[in-house]
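# Structural features, examined
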Amino acid sequence: MSSVLFLFLAHLGIGIAATLLIVASTAGTQFFRFNAGLAAVLLLVALAFRPTPVSVNLLESAGFTALIVATGSLLVYWASFGRGLANLRPWLLWTTVVVGGLALVFQGMGLSSGQVPSFAALTVVSFLSSAALLGGACTAMILGHWYLVLPSMNVSLLQSMVKFHIGSTVVRTVVVVAVVAVALSSWQAPSGAGYGQYAVSLDGVFLWQRLLFGLASPAVLSYLVWQTAKIQSTQSATGILYVDFFTVVVGEVLAKYLLLSTQVPV
(Lines give C-alpha, C1' and ligand atoms only; values in the text may rest on other atoms or scores of the structure.)
Protein backbone atom coordinates (compact mmCIF):
# COMPACT_ATOMS: atom_id res chain seq x y z
CA MET A 1 0.00 0.00 0.00
CA SER A 2 2.88 2.38 0.75
CA SER A 3 4.16 1.96 -2.80
CA VAL A 4 0.75 2.87 -4.22
CA LEU A 5 0.53 5.98 -2.04
CA PHE A 6 4.11 6.98 -2.86
CA LEU A 7 3.50 6.88 -6.60
CA PHE A 8 0.06 8.48 -6.43
CA LEU A 9 1.07 11.39 -4.18
CA ALA A 10 4.27 12.04 -6.13
CA HIS A 11 2.40 12.16 -9.43
CA LEU A 12 -0.34 14.40 -8.01
CA GLY A 13 2.15 16.82 -6.45
CA ILE A 14 4.25 17.13 -9.60
CA GLY A 15 1.13 17.44 -11.71
CA ILE A 16 -0.20 20.34 -9.63
CA ALA A 17 3.14 22.14 -9.84
CA ALA A 18 3.24 21.68 -13.63
CA THR A 19 -0.24 23.12 -14.14
CA LEU A 20 0.78 26.33 -12.37
CA LEU A 21 2.86 27.10 -15.45
CA ILE A 22 -0.27 27.47 -17.58
CA VAL A 23 -2.46 29.47 -15.16
CA ALA A 24 -2.46 33.21 -15.84
CA SER A 25 -0.99 35.47 -13.16
CA THR A 26 -4.37 37.22 -12.83
CA ALA A 27 -5.47 34.28 -10.64
CA GLY A 28 -3.62 36.11 -7.88
CA THR A 29 -0.62 35.50 -5.67
CA GLN A 30 -2.59 33.61 -3.05
CA PHE A 31 -3.80 31.07 -5.62
CA PHE A 32 -0.24 30.19 -6.63
CA ARG A 33 0.94 30.11 -3.04
CA PHE A 34 -1.92 27.85 -1.96
CA ASN A 35 -1.38 25.37 -4.80
CA ALA A 36 2.39 25.38 -4.37
CA GLY A 37 1.96 24.67 -0.66
CA LEU A 38 -0.52 21.88 -1.38
CA ALA A 39 1.81 20.29 -3.93
CA ALA A 40 4.80 20.58 -1.57
CA VAL A 41 2.87 18.87 1.25
CA LEU A 42 1.82 16.06 -1.10
CA LEU A 43 5.43 15.53 -2.18
CA LEU A 44 6.67 15.53 1.41
CA VAL A 45 4.08 12.92 2.35
CA ALA A 46 5.03 10.91 -0.74
CA LEU A 47 8.68 10.93 0.36
CA ALA A 48 7.60 9.71 3.80
CA PHE A 49 5.69 6.81 2.21
CA ARG A 50 8.55 5.77 -0.02
CA PRO A 51 8.88 1.99 0.43
CA THR A 52 12.21 0.54 1.47
CA PRO A 53 13.81 -0.83 -1.72
CA VAL A 54 14.34 -4.58 -1.69
CA SER A 55 17.38 -4.20 -3.93
CA VAL A 56 19.70 -1.47 -5.14
CA ASN A 57 18.16 0.04 -8.27
CA LEU A 58 20.11 3.02 -9.60
CA LEU A 59 17.18 4.29 -11.66
CA GLU A 60 14.77 4.27 -8.71
CA SER A 61 17.44 5.89 -6.51
CA ALA A 62 17.93 8.60 -9.14
CA GLY A 63 14.17 9.11 -9.26
CA PHE A 64 13.99 9.46 -5.49
CA THR A 65 16.86 11.96 -5.47
CA ALA A 66 15.22 13.98 -8.25
CA LEU A 67 11.97 13.99 -6.26
CA ILE A 68 13.79 15.39 -3.23
CA VAL A 69 15.32 18.17 -5.35
CA ALA A 70 11.92 18.99 -6.91
CA THR A 71 10.31 19.12 -3.46
CA GLY A 72 13.04 21.40 -2.12
CA SER A 73 12.71 23.76 -5.08
CA LEU A 74 8.93 23.88 -4.65
CA LEU A 75 9.25 24.65 -0.95
CA VAL A 76 11.56 27.58 -1.74
CA TYR A 77 9.07 28.72 -4.40
CA TRP A 78 6.25 28.63 -1.83
CA ALA A 79 8.33 30.45 0.79
CA SER A 80 9.35 33.17 -1.68
CA PHE A 81 5.88 34.74 -1.76
CA GLY A 82 5.75 37.97 0.21
CA ARG A 83 9.54 38.29 0.21
CA GLY A 84 10.08 40.30 -2.97
CA LEU A 85 11.56 37.41 -4.99
CA ALA A 86 9.20 37.63 -7.97
CA ASN A 87 12.02 37.31 -10.52
CA LEU A 88 13.24 34.09 -8.94
CA ARG A 89 9.89 32.31 -8.79
CA PRO A 90 9.58 31.28 -12.47
CA TRP A 91 13.01 29.63 -12.30
CA LEU A 92 12.11 27.78 -9.12
CA LEU A 93 8.83 26.55 -10.59
CA TRP A 94 10.48 25.45 -13.83
CA THR A 95 13.17 23.64 -11.83
CA THR A 96 10.46 21.84 -9.88
CA VAL A 97 8.61 20.77 -13.02
CA VAL A 98 11.66 19.71 -15.04
CA VAL A 99 13.36 17.82 -12.20
CA GLY A 100 10.00 16.39 -11.13
CA GLY A 101 9.44 15.18 -14.69
CA LEU A 102 12.84 13.49 -14.59
CA ALA A 103 11.82 11.83 -11.33
CA LEU A 104 8.78 10.33 -13.07
CA VAL A 105 10.93 9.13 -15.97
CA PHE A 106 13.41 7.46 -13.61
CA GLN A 107 10.55 5.95 -11.59
CA GLY A 108 9.00 4.45 -14.70
CA MET A 109 12.29 3.10 -15.99
CA GLY A 110 13.20 1.67 -12.60
CA LEU A 111 9.88 -0.11 -12.08
CA SER A 112 9.90 -1.56 -15.60
CA SER A 113 13.56 -2.63 -15.68
CA GLY A 114 13.87 -6.15 -17.03
CA GLN A 115 10.65 -5.95 -19.02
CA VAL A 116 10.24 -5.69 -22.79
CA PRO A 117 11.27 -2.25 -24.14
CA SER A 118 7.72 -1.40 -25.23
CA PHE A 119 6.43 -1.81 -21.67
CA ALA A 120 9.32 0.23 -20.26
CA ALA A 121 8.56 3.15 -22.58
CA LEU A 122 4.82 2.89 -21.92
CA THR A 123 5.41 2.95 -18.16
CA VAL A 124 7.28 6.25 -18.46
CA VAL A 125 4.59 7.75 -20.69
CA SER A 126 1.92 6.41 -18.34
CA PHE A 127 3.52 8.17 -15.35
CA LEU A 128 3.81 11.48 -17.22
CA SER A 129 0.22 11.34 -18.47
CA SER A 130 -0.98 10.36 -14.98
CA ALA A 131 0.67 13.45 -13.47
CA ALA A 132 -0.89 15.65 -16.16
CA LEU A 133 -4.38 14.21 -15.56
CA LEU A 134 -4.18 14.44 -11.78
CA GLY A 135 -2.69 17.92 -11.80
CA GLY A 136 -5.14 19.24 -14.35
CA ALA A 137 -8.17 17.89 -12.49
CA CYS A 138 -7.03 19.18 -9.09
CA THR A 139 -5.97 22.64 -10.28
CA ALA A 140 -9.17 23.07 -12.30
CA MET A 141 -11.22 22.19 -9.21
CA ILE A 142 -9.34 24.66 -7.02
CA LEU A 143 -9.45 27.35 -9.72
CA GLY A 144 -13.22 26.95 -10.00
CA HIS A 145 -13.51 27.35 -6.23
CA TRP A 146 -11.27 30.44 -6.42
CA TYR A 147 -14.05 32.42 -8.10
CA LEU A 148 -15.56 32.64 -4.62
CA VAL A 149 -12.36 34.38 -3.51
CA LEU A 150 -12.00 36.59 -6.62
CA PRO A 151 -15.48 36.93 -8.18
CA SER A 152 -14.13 39.38 -10.77
CA MET A 153 -11.65 36.84 -12.17
CA ASN A 154 -12.14 36.26 -15.89
CA VAL A 155 -13.89 32.98 -16.70
CA SER A 156 -11.32 32.37 -19.47
CA LEU A 157 -8.88 31.16 -16.81
CA LEU A 158 -11.19 28.29 -15.90
CA GLN A 159 -11.94 27.57 -19.54
CA SER A 160 -8.21 27.29 -20.33
CA MET A 161 -7.64 24.89 -17.44
CA VAL A 162 -10.64 22.79 -18.42
CA LYS A 163 -9.23 22.58 -21.97
CA PHE A 164 -5.99 21.26 -20.50
CA HIS A 165 -7.92 18.77 -18.38
CA ILE A 166 -9.84 17.51 -21.41
CA GLY A 167 -6.61 17.20 -23.39
CA SER A 168 -4.85 15.32 -20.58
CA THR A 169 -7.84 12.96 -20.32
CA VAL A 170 -7.61 12.21 -24.04
CA VAL A 171 -3.85 11.60 -23.81
CA ARG A 172 -4.26 9.38 -20.75
CA THR A 173 -6.93 7.34 -22.55
CA VAL A 174 -4.73 6.88 -25.62
CA VAL A 175 -1.84 5.72 -23.43
CA VAL A 176 -4.03 3.18 -21.59
CA VAL A 177 -5.44 1.85 -24.88
CA ALA A 178 -1.87 1.39 -26.16
CA VAL A 179 -0.85 -0.37 -22.94
CA VAL A 180 -3.80 -2.76 -23.08
CA ALA A 181 -3.08 -3.50 -26.75
CA VAL A 182 0.54 -4.39 -25.94
CA ALA A 183 -0.52 -6.42 -22.89
CA LEU A 184 -3.01 -8.46 -24.94
CA SER A 185 -0.21 -9.54 -27.25
CA SER A 186 2.67 -10.03 -24.81
CA TRP A 187 1.58 -10.16 -21.13
CA GLN A 188 1.28 -13.46 -19.32
CA ALA A 189 0.31 -14.22 -15.72
CA PRO A 190 2.36 -16.65 -13.59
CA SER A 191 -0.42 -19.18 -14.19
CA GLY A 192 0.09 -18.88 -17.94
CA ALA A 193 -3.12 -16.95 -18.60
CA GLY A 194 -2.99 -14.09 -21.08
CA TYR A 195 -4.19 -10.56 -20.43
CA GLY A 196 -7.53 -11.22 -22.11
CA GLN A 197 -8.22 -14.06 -19.67
CA TYR A 198 -7.11 -11.85 -16.77
CA ALA A 199 -9.49 -9.06 -17.85
CA VAL A 200 -12.54 -11.34 -17.71
CA SER A 201 -11.51 -13.08 -14.48
CA LEU A 202 -12.47 -12.05 -10.95
CA ASP A 203 -9.16 -10.21 -10.52
CA GLY A 204 -9.92 -8.20 -13.64
CA VAL A 205 -12.69 -6.30 -11.83
CA PHE A 206 -10.09 -3.76 -10.70
CA LEU A 207 -9.13 -3.13 -14.32
CA TRP A 208 -12.74 -2.40 -15.28
CA GLN A 209 -13.19 -0.14 -12.26
CA ARG A 210 -10.02 1.69 -13.26
CA LEU A 211 -11.34 2.23 -16.80
CA LEU A 212 -14.79 3.32 -15.61
CA PHE A 213 -13.75 5.68 -12.83
CA GLY A 214 -10.43 6.87 -14.19
CA LEU A 215 -11.18 7.39 -17.88
CA ALA A 216 -14.86 7.13 -18.85
CA SER A 217 -16.19 9.25 -15.97
CA PRO A 218 -13.65 12.10 -16.33
CA ALA A 219 -14.29 12.16 -20.09
CA VAL A 220 -18.01 12.76 -19.55
CA LEU A 221 -17.63 15.08 -16.56
CA SER A 222 -14.93 17.26 -18.15
CA TYR A 223 -17.22 17.78 -21.16
CA LEU A 224 -20.02 18.86 -18.81
CA VAL A 225 -17.62 21.25 -17.06
CA TRP A 226 -16.64 22.73 -20.42
CA GLN A 227 -20.27 23.33 -21.32
CA THR A 228 -21.02 25.02 -17.98
CA ALA A 229 -17.83 27.10 -18.20
CA LYS A 230 -18.89 28.30 -21.66
CA ILE A 231 -22.03 29.84 -20.16
CA GLN A 232 -19.91 31.26 -17.30
CA SER A 233 -21.63 29.19 -14.64
CA THR A 234 -18.54 28.81 -12.48
CA GLN A 235 -20.36 27.43 -9.42
CA SER A 236 -21.94 24.60 -11.41
CA ALA A 237 -18.62 23.89 -13.10
CA THR A 238 -16.88 23.71 -9.73
CA GLY A 239 -19.46 21.30 -8.35
CA ILE A 240 -18.94 18.97 -11.29
CA LEU A 241 -15.15 19.32 -10.94
CA TYR A 242 -15.31 18.03 -7.35
CA VAL A 243 -16.92 14.82 -8.62
CA ASP A 244 -14.55 14.71 -11.58
CA PHE A 245 -11.47 14.97 -9.36
CA PHE A 246 -12.79 12.20 -7.12
CA THR A 247 -13.19 9.84 -10.08
CA VAL A 248 -9.71 10.70 -11.36
CA VAL A 249 -8.22 9.97 -7.92
CA VAL A 250 -9.99 6.59 -7.71
CA GLY A 251 -8.88 5.69 -11.24
CA GLU A 252 -5.24 6.65 -10.69
CA VAL A 253 -4.96 4.89 -7.33
CA LEU A 254 -6.29 1.73 -8.99
CA ALA A 255 -3.84 2.27 -11.86
CA LYS A 256 -0.89 2.29 -9.41
CA TYR A 257 -2.22 -0.84 -7.71
CA LEU A 258 -2.60 -2.65 -11.04
CA LEU A 259 0.90 -1.62 -12.11
CA LEU A 260 2.48 -3.00 -8.96
CA SER A 261 0.39 -6.19 -8.99
CA THR A 262 0.50 -7.03 -12.72
CA GLN A 263 3.40 -4.91 -14.05
CA VAL A 264 0.99 -3.46 -16.64
CA PRO A 265 1.01 0.40 -16.54
CA VAL A 266 -2.67 1.01 -17.30
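Here's what I pulled together on the structure shown here. (Residues numbered from 1 in each chain as written. Predicted model: local features only at pLDDT ≥ 70, side-chain atom pairs only at ≥ 80, totals over all residues. Heavy atoms only, no water.)

### Observations concerning the overall build of the protein chain
Our working definition: Secondary structure counts use DSSP, requiring at least four H or I residues in a row for a helix and at least two E residues in a row for a strand, with both numbered from the N terminus. The buried label goes to any residue with under 20% of its type's maximum accessible area, the exposed label to any with over 50%, and the partly exposed label to all in between, with areas taken from a 1.4 Å probe on protein chains only. Note on definitions: a residue-residue contact is assigned when non-hydrogen atoms from the two residues lie within 4.5 Å. Reported accessibility uses the Shrake-Rupley method at a 1.4 Å probe radius. Residues are deemed covered only where the shown protein chains occlude them.
Along its length, the protein chain carries nine helices and zero strands. Ordered by position from N to C terminus, the α and β elements of the protein chain give α-α-α-α-α-α-α-α-α. Along the first, second and third principal axes, the C-alpha set of the protein chain runs to 60 × 40 × 25 Å. For the protein chain, the residues scored as buried account for 49% of the 266 residues in total. In the protein chain, the proportion of contacts linking residues at least 24 apart, taken out of those at least 6 apart, comes to 76%. Roughly 11900 Å² of accessible area belongs to the protein chain as shown, and the carbon and sulfur atoms make up 71% of that amount.

### Some thoughts on the side chain of Ser 126
Condition: We call two N or O atoms a polar contact when they sit within 3.5 Å, provided that within protein one can donate a hydrogen and the other can accept it, with sequence-adjacent residues counted only if both atoms are side-chain atoms.
Its place among the elements puts Ser 126 in helix H5 (residues 117–146). A residue is classified by how much of its surface remains accessible, and Ser 126, at 3% relative accessible area, is buried. A distance of 3.1 Å separates the side chain of Ser 126 from the backbone oxygen of Pro 265, its partner in a polar contact. Those residues in contact with Ser 126 that sit more than four places away from it in its chain are Arg 172, Val 175, Pro 265 and Val 266.

### Description of the packing of aromatic side chains
We count it as follows: Two rings from Phe, Tyr or Trp (for Trp, the six-membered ring) form a pair when their centres are within 6.5 Å of each other. A pair whose planes differ by under 30 degrees is stacked, one over 60 is edge-to-face, and the rest are tilted. Charge-over-ring placement is defined geometrically: NZ (Lys) or CZ (Arg) within 6 Å of the ring centre, and within 35 degrees of the ring normal.
One pass over the structure, following the stated rule, counts five aromatic pairs. Here Phe 31 and Phe 32 contribute two aromatic rings whose centre-to-centre distance is 5.6 Å and whose plane-to-plane angle is 90°, an arrangement assigned as edge-to-face. Of the two residues, Phe 31 and Phe 32, both sit in the buried class. Aromatic rings pair up to connect Phe 31, Phe 32, Phe 34 and Trp 146 into one cluster. Directly above the aromatic system of Phe 81 lies the positively charged group of Arg 89, at a separation of 4.4 Å from the ring centroid.

### Details of the pattern of salt bridges
Convention followed: Between Lys or Arg on one side and Asp or Glu on the other, a salt bridge is scored when a side-chain nitrogen of the former is within 4 Å of a carboxyl oxygen of the latter.
In the structure shown here, the tally under the stated rule is three salt bridges. The closest approach of N and O atoms between Glu 252 and Arg 210, which form a salt bridge, is 3.0 Å. Here Glu 252 is found in helix H9 (residues 234–262), whereas its partner Arg 210 is found in helix H8 (residues 205–230), with 42 residues between them in sequence. An identical accessibility class is assigned to Glu 252 and Arg 210; each is buried. Accessibility expressed as a relative area gives 0% for Glu 252, which makes it buried.

### Describing the environment of Phe 8
As for its placement among the helices and strands, Phe 8 is situated in helix H1 (residues 2–19). On the accessibility criterion, Phe 8 (8% relative accessible area) is buried. Aside from chain neighbours lying at most four places away, what touches Phe 8 is Leu 134, Val 249, Glu 252, Val 253 and Lys 256.

### A few points about the environment of Gly 13
Within the secondary structure layout, Gly 13 lies in helix H1. Here the alpha-carbon distance between Gly 13 and Gly 100, two residues 87 residues apart in the chain, equals 9.2 Å.

### Regarding the nonpolar core
Basically, it comes down to this: Take the buried residues of types Ala, Val, Leu, Ile, Met, Phe, Trp, Tyr and Cys, join any two whose side-chain atoms come within 4.5 Å, and each joined set is a nonpolar core.
Residues Leu 12, Ala 27, Phe 31, Phe 32, Leu 67, Leu 74 and Tyr 77 are the most contacted members of the largest nonpolar core, which totals 58 residues. Of all the elements in the fold, those that place two or more residues in this core are H1, helix H2 (29–48), helix H3 (58–79), helix H4 (89–111), H5, helix H6 (156–186), H8 and H9. Of the residues forming this core, the biggest block, 11 residues, is contributed by H5. The residues touching Leu 67, leaving out its near neighbours within four places in the chain, are Phe 6, Ala 10, Ile 14, Leu 43, Leu 47, Ala 103 and Gln 107. In this structure, Tyr 198, Ala 199, Leu 258 and Val 266 belong to the second largest nonpolar core, which totals 15 residues.

### Some thoughts on the side chain of Ser 222
Here Ser 222 is to be found in helix H8. From its side chain, Ser 222 meets the backbone oxygen of Ala 219 in a polar contact 3.2 Å long. Those residues within four positions of Ser 222 in sequence are excluded, and the remaining contacts are Val 162, His 165, Ile 166 and Asp 244.

No statement about biological role is implied by the geometric values presented.
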